[in-house]
Amino acid sequence: MRTIQRIHKPTHSLIRELITYTALPTRTIDYLDPFLFLNHHGYQEYPTNNLGLPFGPHPHRGMETVTFILEGDIMHQDSSGHASVIEAGGVQWMTAGKGLIHAETSSEKFKKEGGPLEILQLWLNLPARAKMTEPFYEGLQKEAIPTSTLDEGKVTINVTSGEITGTKGVFTSEIGVSLGTLYFKESGKLSLDIPKEHTIFFYVIDGKLSVNGQTIEARSLVEFKYDDTQVNIEALTDSKLLLGHALPLNEPVVSQGPFVMNTEEEIYQAYQDYQAGKFGKWKF
Ligand code: FE2
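First, a word on what this report is: a plain description of the structure on this page. All values reported here derive from a predicted model rather than from experimental measurement.

### Observations concerning the sheet that holds strand S21 (residues 214-217)
So, step 1. With antiparallel pairing, the four strands of this open sheet are ordered in space as S18-S23-S20-S21. Strands at the two margins of the open sheet, each flanked by one partner only, are strand S18 (189-193) and S21. Pairs of neighbouring strands in the sheet enclose a mean axial angle of 25 degrees, with direction left out of account.
So, step 2. With four bridges joining them, strand S20 (residues 208-211) and S21 adopt antiparallel strand pairing. In the strand pairing of S21, Lys-208 is matched with Glu-217.

Structure, rendered in structure tokens:
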């Protein structure tokens with residue numbers, strides 16, 4: 001079985017009224033190559049007549065964001081002209097590539113009516129060869145995400161990209177990341193076979209899991225060694241898991257705010273290009 005290297009606990013903050021747990025990076029870990037960043041927003045209930053999500057127009061370059069809407073919704077708009085409202089169970093995949101500007105806010109309906117909100121945003125690194133690729137965005141609703149059930153219905157796997165237990169995901173990852181959300185009913189069991197050289201991204205969203213014999217509480221990021229292929233999971237309570245795995249890029253990571261490049265010079269260039277309007281025009 002894969003050895004657990006360390007359990008990392010997120011840092012807690014409020015962005016306006018948005019409850020935010022940052023699971024990556026934290027004081028104990030910078031990144032898990034090629035996984036760079038994870039914010040876990042909520043779970044919380046927004047009141048009627050709220051202001052919605054606080055993320056107005058801002059740029060990105062050199063990475064990808066994958067956003068999982070567990071509860072509530074997100075209205076995405078970007079400088080390439082994409083606009084969509086994705087609801088609970090849906091996923092947004094955005095490749096920033098050479099640069100775009102996006103906003104993540106809430107639909108008019110959510111702002112008026114309020115309701116439950118829980119959202120995860122994961123950042124994937126892009127390799128040097130793809131950092132300046134054309135930007136891409138696609139948002140898919142719950143119905144479009146491939147799902148499989150195992151262990152007599154006690155384990156449900158929603159596959160975002162790559163492949164998990166034989167089910168293929170709907171998005172294409174530039175760097176071959178397998179990614180999905182897994183829902184366990186209490187006592188649900190799952191055995192995963194993951195290449196030894198892959199980094200595993202394992203974040204317990206909710207509940208409590210036994211992982212290779214060790215109990216992992218909610219809001220924990222599990223860092224594994226690279227010593228075996230087997231990960232055996234048993235749900236000690238109803239649980240939710242964000243799972244990913246991929247080969248590490250093994251490239252230098254120079255990250256500043258919304259830009260993730262390989263060198264300081266490239267970060268400087270990103271600011272220059274953004275200020276020169278090369279990330280596109282905001283039309284909304
Ligand atoms: Fe963003």
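Next comes the rest of the write-up.
### Details of the side chain of Asp-73
So, step 1. Within the element layout of this structure, Asp-73 appears in strand S7 (residues 73-78).
So, step 2. Buried and unpaired, Asp-73 has no salt bridge, with Lys-109 as the nearest side chain of opposite charge at 6.7 Å.
So, step 3. Within the structure, the side chain of Asp-73 is placed 2.5 Å from the side chain of Ser-107, a separation counted as a polar contact.

### Observations concerning the coordination of the iron ion
So, step 1. Note on the iron ion: its protein donors are His-58 (NE2), His-60 (NE2) and His-102 (NE2). The metal-donor distances range over 2.0 to 2.1 Å.
So, step 2. In the primary sequence, the donor residues of the iron ion line up as H-x1-H-x41-H. Taken together, the residues His-58 in strand S5 (residues 55-60) and His-102 in strand S10 (residues 100-105) connect sequence positions 44 residues apart.
So, step 3. Look at His-102 and you get buried, because its relative accessible area is 1%.

### A word on the pattern of salt bridges
So, step 1. A complete count under the given rule lists eleven salt bridges for this structure.
So, step 2. Across the pair Lys-98 and Glu-134 runs a salt bridge, and its minimum N-O distance is 2.8 Å. With Lys-98 in the loop between strand S9 (91-95) and S10 and Glu-134 in the loop between strand S11 (115-125) and strand S12 (136-140), this pair connects stretches of sequence that are 36 residues apart.
So, step 3. On the basis of relative accessible area, Glu-134 is assigned to the exposed category, the value being 53%.
So, step 4. Residue Lys-168 pairs with Glu-163 through a salt bridge whose shortest N-O separation is 3.7 Å.
So, step 5. One network of salt bridges, with partners in common, ties together Arg-61, Asp-273 and Lys-278.

### Regarding the packing of aromatic side chains
So, step 1. Counted by the stated rule, this structure contains nine aromatic pairs.
So, step 2. Ring pairing ties together the aromatic residues Phe-259, Tyr-271, Tyr-274 and Phe-279, which thus form one cluster.
So, step 3. A cation sits over an aromatic face here: Arg-219 above Tyr-21, 3.8 Å from the ring centre.

### Considerations on helix H2 (residues 264-275)
So, step 1. Counted at 1.5 Å a residue, the expected span for H2 with its twelve residues is 16 Å, and the 17 Å between its end C-alpha atoms agrees.
So, step 2. Along H2, the residues classified as buried are Ile-267, Ala-270 and Asp-273. Projected onto a plane normal to the axis of H2, the buried residues spread over an arc of 125 degrees and lie on a single side. Of the residues in H2, the exposed ones pointing more than 90 degrees away from the buried face are Glu-264, Glu-265, Tyr-268 and Gln-275.
So, step 3. In this fold, the buried residues of H2 make contact with strand S25 (254-256) and strand S26 (259-261).

Criteria and thresholds
- Residues numbered from 1 in each chain as written.
- Predicted model: local features only at pLDDT ≥ 70, side-chain atom pairs only at ≥ 80, totals over all residues.
- Heavy atoms only, no water.
- Pairing = 2+ DSSP bridges.
- Helix = DSSP H or I, 4+ residues; strand = E, 2+ residues; numbered from the N terminus.
- Axes fitted to C-alpha atoms, helices over the stretch in contact; angles between N-to-C directions.
- Buried < 20%, exposed > 50% of the residue type's maximum accessible area, 1.4 Å probe, protein only.
- Lys, Arg positive; Asp, Glu negative; His and termini not counted.
- Salt bridge = Lys/Arg side-chain N within 4 Å of Asp/Glu carboxyl O.
- Polar contact = N/O pair within 3.5 Å; in protein donor to acceptor, adjacent residues only side chain to side chain.
- Donors = N, O, S within 2.8 Å, 3.2 Å for Na, K, Ca; no water.
- Phe/Tyr/Trp six-rings, centres within 6.5 Å; stacked < 30°, edge-to-face > 60°.
- Lys NZ or Arg CZ within 6 Å of the ring centre and 35° of its normal.
- Expected span 1.5 Å × (residues − 1).
- Arc of directions from axis to C-beta.
- Contact = heavy atoms within 4.5 Å.

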